[in-house]
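Okay, here's what each chain looks like letter by letter:
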Amino acid sequence: MEPLIIEGTPKTPTVRFDADEGVIEIKGRSIPENSVEFYKPLVDWLEEYKKNPKDKTVVNIQLEYFNTSSSKCILDVFKKLEAIHKAKHDVEINWYYEEDDEDMLEAGEDYESIIRIPFKMIEIVE
Amino acid sequence: MNFRIEDYYADRLGGDVLLAYKGSITTDLINNVLDTVESKLQDFHEPSKVKKKVYNVLVESLQNLFHHIDDLPDEYKDQFESRFGILVVSKDKNRYRISTGNFIRNDKIAYLKEKIETINASSKEGLKDMYKHILNHQKLSEKGGGGLGLVDIARKTGNKLQYSFIPFNEEYSFFNLDVFIDEEVKKTVK
């Protein structure tokens, strides 16, 4: 399966989805006016990956900002990962947040409580 | 009483103004505003969490504006540009204020007012539940709005949303929203 690589912009994150390594990464800012367009290829890729995932998938989410339009799309990404987890594959989710950024930590906790896969909360200390 | 945009705008220019704009709210405008405010915030001696909150709330406020502006009928075209809105970001004493204003059809007021009142009557915990419920159960609109913007703003600022609907004509009113972000971010009570 071809990896999905998207370079970041001031309003959209850097994406690296690699099926061979079992690594899913979203980093940077996600604040487009309409996020559906941006996230559709990500969700489609995961739908395909779900059919034949690695024994262990490592997910790294490291967002500086995201808007509420993106928040629903990010949940769609997590729902795909939840399905992989439910099919008895190992899914590790690392949620990174910058030092003191309680809002971002809380956002991670919100997702964790909805999708029911334990998150590893990792504070980035500068 | 006639609503005069100039008076409304002038009223909001108190304190230290980081940015003030009235005109068409477009994607390019949003990008410009975000860049400008972000670089201005860098000159302010604030903890990064306060700057982040201001930026975050600004993103939501602008995008709310972008998604919800109602256009006035053609006869006002020479008076107001299409997608007309107002934005003022200022700092007065110990708080940042983000003011947005836009025309809204009168038949939408009741719904919006109820939504804001519900948000303002909610505790921190209540807002968290409301946010998660909408996040998990409501579909994104075609325009990409999700009904989460105001809830998110209230959650992040910890302050009540201050608003007014100023009658304009039989069909339209001007909706004003003032959002405050305290310099001393309130301690999180879990």
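What comes next is a walk through the structure. As the structure is a computational prediction, the values presented were derived from the model and not from experiment.

A word on the environment of D18(A)
All names here are of chain A.
Alright, step 1. Within the secondary structure, D18 is located in strand β2 (residues 14–18).
Alright, step 2. Overall, D18 belongs to the buried group, its relative accessible area being 14%.
Alright, step 3. With 30 residues separating them in the primary sequence, D18 and E48 have C-alpha atoms 12 Å apart.
Alright, step 4. With residues near it in sequence (within four places) discarded, D18 still touches P3, V23 and W45.
Alright, step 5. Separated by 3.0 Å, the side chain of D18 and the backbone nitrogen of D20 make a polar contact.

Observations concerning a positive patch on the surface
Alright, step 1. A grouping of K79(A), K86(A), R116(A) and K139(B) is seen on the molecular surface, where their side chains present a positively charged patch.
Alright, step 2. With respect to the helices and strands, K86(A) occurs in helix α2 (residues 68–86).

What about unusual backbone geometry?
Alright, step 1. Even without a glycine there, the phi angle at K88(A) is positive, about 70°.
Alright, step 2. With respect to the helices and strands, the residue K88(A) is situated in the loop between α2 and β5 (90–98).
Alright, step 3. Not every positive phi belongs to a glycine, and K93(B) is a case in point at roughly 50°.
Alright, step 4. Among the structural elements, K93(B) can be located in the loop between β2 (84–92) and β3 (95–105).

Observations concerning the interface of chain A and chain B
Alright, step 1. In this complex, chain A contributes 30 residues to the contact, which on the side of chain B involves 36 residues.
Alright, step 2. Summed over both partners, the interface of chain A with chain B comes to about 2,800 Å²; 46% of that surface belongs to carbon and sulfur atoms.
Alright, step 3. On inspection of chain A and its partner chain B, the count reaches ten salt bridges.
Alright, step 4. Among the salt bridges present, the one from R155(B) reaches E106(A), with a minimum N-O distance of 3.1 Å.
Alright, step 5. Inspection of the region where chain A meets chain B yields 18 residue pairs in polar contact (both at pLDDT 80 or more).
Alright, step 6. Ranked by residue count, the leading element in the side of chain A that touches chain B is helix α3 (residues 102–115) of chain A, at eight residues.
Alright, step 7. Broken down by class, the residue content of the side of chain A that touches chain B amounts to nine nonpolar, seven polar and 14 charged.

Here we look at helix α4 (residues 109–120) of chain B
Residues and elements named next belong to chain B.
Alright, step 1. For α4, which comprises twelve residues, the first-to-last C-alpha distance of 16 Å matches the rise-based estimate of 16 Å (1.5 Å per residue) to within 8%.
Alright, step 2. For α4, the complete set of buried residues consists of I109, L112, K115, I116, I119 and N120. Projection of α4 onto a plane perpendicular to its axis shows the buried side chains occupying an angular sector of 135°, all on one side. Turned more than 90 degrees off the buried face of α4, the exposed positions are A110, Y111 and E114.
Alright, step 3. Contact partners of the buried residues in α4: β3, α5 (124–137), α6 (149–157), β4 (162–167) and β5 (172–182).

Details of a negative patch on the surface
Residue and element names in this part refer to chain A.
Alright, step 1. On the surface, E99, D100, E123 and E126 cluster together into a negatively charged patch.
Alright, step 2. For D100, the position within the fold is in the loop between β5 and α3.
Alright, step 3. The class of D100 is partly exposed, set by a relative accessible area of 46%.

Some thoughts on the sheet that holds β2(B)
All names here are of chain B.
Alright, step 1. Here five strands make up an open sheet; going across it, the order is β1-β2-β3-β5-β4 and the pairing antiparallel. Either end of the sheet is taken by a strand with one partner, and the two such strands are β1 (16–24) and β4. For this sheet, the mean angle separating the axes of adjacent strands, direction not counted, is 10°.
Alright, step 2. Sheet strands in contact with α4 are β3, β4 and β5, and its direction is about 160° off that of β4.

Reading guide: rules and limits
- Residues numbered from 1 in each chain as written.
- Chains lettered and ligands numbered in written order.
- Predicted model: local features only at pLDDT ≥ 70, side-chain atom pairs only at ≥ 80, totals over all residues.
- Heavy atoms only, no water.
- Helix = DSSP H or I, 4+ residues; strand = E, 2+ residues; numbered from the N terminus.
- Buried < 20%, exposed > 50% of the residue type's maximum accessible area, 1.4 Å probe, protein only.
- Contact = heavy atoms within 4.5 Å.
- Polar contact = N/O pair within 3.5 Å; in protein donor to acceptor, adjacent residues only side chain to side chain.
- Patch = residues over 30% accessible without salt bridge, like charges linked within 9 Å, V, L, I, M, F, W, Y side chains within 5 Å.
- Areas by Shrake-Rupley, 256 points an atom, 1.4 Å probe, with all protein chains shown as cover.
- Salt bridge = Lys/Arg side-chain N within 4 Å of Asp/Glu carboxyl O.
- Lys, Arg positive; Asp, Glu negative; His and termini not counted.
- Charge placed at Lys NZ, Arg CZ, Asp CG, Glu CD.
- Buried area = accessible area lost by both parts, 1.4 Å probe.
- Nonpolar A, V, L, I, M, F, W, Y, C, P; charged D, E, K, R; others polar.
- Expected span 1.5 Å × (residues − 1).
- Arc of directions from axis to C-beta.
- Pairing = 2+ DSSP bridges.
- Axes fitted to C-alpha atoms, helices over the stretch in contact; angles between N-to-C directions.

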